[in-house]
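An overview of the molecular structure
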Amino acid sequence: ASTGHEQHVFEMGRHFLSVSPSGKLLATTGDGPDSKPAVCIWDVAPIKLRWHQPDPRNEIASWRVAFSPDDSRLAAGGFDGRVMVWDTTTKETRFDQKRHNYQVFDIEFSANGEWLASCSSLWRADGTGRKETMGFLSVVNLKESEKSYYVDEVSLEVRGIAFSPERETLAI
């Protein structure tokens, strides 16, 4: 993008993407190199597939992705409520838990990479034709996963989250 010239055109279906903080990596979800649902990590310059993680349940296509602040890990949250973290170099799974009962709409690392937050929402009719919305939030310490927090049934739709730079506040 800095030269204004197109370097690569993705011909495979893509749904969500994330650029790493260093700008050296790109993560995509959607069709992998074999046209099956996958999370893919690409080296940016030159554009080259580093690795891909296929999903045998075909649910990755709707997964959200986020890099850790040091580019060493990639987090993904999907349609099935699962949250996963992989090592970006070795593809080793670092974390894999079902954190939500509904689709994960956003996922975010804290500035120090120690905490991982994810959110989901549910909509349903309340019997009178009105739509009822509930949001759910999960925050887990990746070093000590027993340190985790849930906020159930926030009375609003939760589609996005962000940590403050000082790591003390999480906005929803």
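Residues numbered from 1 in each chain as written. Predicted model: local features only at pLDDT ≥ 70, side-chain atom pairs only at ≥ 80, totals over all residues. Heavy atoms only, no water.

1. Let's talk about the nonpolar core
Short version of the rule: By nonpolar core is meant a set of buried Ala, Val, Leu, Ile, Met, Phe, Trp, Tyr and Cys residues that side-chain atoms within 4.5 Å join together. Only protein chains enter the area calculation, which uses a 1.4 Å probe; residues under 20% of their type maximum are buried, those over 50% are exposed, and those in between are partly exposed. Where helices and strands are cited, they refer to DSSP runs of H or I of at least four residues and of E of at least two residues respectively, numbered from the N terminus.
Residues Leu-25, Ala-27, Val-39, Ile-41, Trp-51, Trp-63, Val-65, Phe-67, Leu-74, Ala-76, Met-84 and Trp-86 constitute the largest nonpolar core, which totals 12 residues. Mapped onto this core, the elements with two or more residues apiece are strand E2 (25-31), strand E3 (37-43), strand E5 (64-67), strand E6 (73-77) and strand E7 (82-87). Counting residues in hydrophobic clusters, the runner-up holds 10 residues, among them Ala-66, Ile-107, Phe-109 and Val-140.

2. Focus on the pattern of salt bridges
Here is the rule: Whenever Lys or Arg places a side-chain nitrogen within 4 Å of a carboxyl oxygen from Asp or Glu, that contact is recorded as a salt bridge.
On inspection of all chains with the given rule, the structure shows 5 salt bridges. With a shortest N-O distance of 3.2 Å, Arg-82 and Asp-96 are connected by a salt bridge. Here Arg-82 is found in strand E7, whereas its partner Asp-96 is found in strand E8 (residues 93-98), with 14 residues between them in sequence. A salt bridge links Arg-94 to Glu-92; the nearest nitrogen and oxygen atoms lie 4.0 Å apart.

3. Regarding the confidence of the model for the chain
To keep it simple, the criterion reads: pLDDT measures the predictor's confidence residue by residue and takes values from 0 up to 100. Every residue pair with non-hydrogen atoms within 4.5 Å of one another is taken to be in contact.
The share of residues in the chain with pLDDT of 70 or more is 80%, and the mean pLDDT across the chain is 81. Of all the helices and strands in the chain, strand E12 (residues 148-154) carries the lowest mean pLDDT, 73, while E6 carries the highest, 94. Across residues 4-9, where pLDDT falls below 50, the model places 2 contacts with residues more than four positions away in sequence or in other chains.

4. Some remarks on the environment of Thr-89
Inspection of the secondary structure assignment puts Thr-89 in the loop between E7 and E8. Once the C-alpha coordinates of Thr-89 and Ile-41 are considered, the two residues, 48 residues apart in sequence, prove to be 9.4 Å apart. What Thr-89 contacts, discounting residues up to four positions off in sequence, is Arg-50 and Trp-51.

5. Thoughts on the side chain of His-100
Rule in force here: N or O atoms within 3.5 Å of each other form a polar contact, as long as, within protein, one can give a hydrogen and the other can take it, and as long as residues adjacent in sequence are counted only when both atoms are side-chain atoms.
For His-100, the position within the fold is in the loop between E8 and strand E9 (104-109). We classify His-100 as buried; its relative accessible area is 4%. Of note is the side chain of His-100, whose polar atom sits 3.2 Å from the side chain of Ser-120. Contact partners of His-100, with chain neighbours within four places excluded, come to Asp-80, Gly-81, Val-83, Ser-118, Cys-119, Ser-120, Phe-136, Leu-137 and Ser-138.

6. A closer look at unusual backbone geometry
Residue Pro-46 follows Ala-45 across a cis peptide bond; omega there is -10°. On the secondary structure map, Pro-46 appears in the loop between E3 and strand E4 (48-54). Within the chain, Asp-71 stands out as a residue other than glycine whose phi angle is a positive 70°. The residue Lys-91 is not glycine, and still its phi comes out positive at about 70°.

7. As for the pairing of E4
As a reminder, the rule being used: DSSP calls a pair of strands paired once it identifies at least 2 bridges connecting them.
Here E3 pairs with E4 via 6 bridges, running antiparallel. Within E4, the position partnered with Trp-42 by the bridge is Leu-49. Hairpin connection from E3 to E4: 4 residues lie between these consecutive antiparallel strands.

8. Digging into the pairing of E3
Buried residues dominate E3, accounting for 6 of its 7 residues. Where E2 lies against E3, 7 bridges are found, and the strand directions are antiparallel. Among the inter-strand pairings, Asp-31 is bridged to a residue of E3, identified as Pro-37. Counted along the chain from E2 to the antiparallel partner E3, the turn is 5 residues long, and its residue Ser-35 has a positive phi close to 65°.

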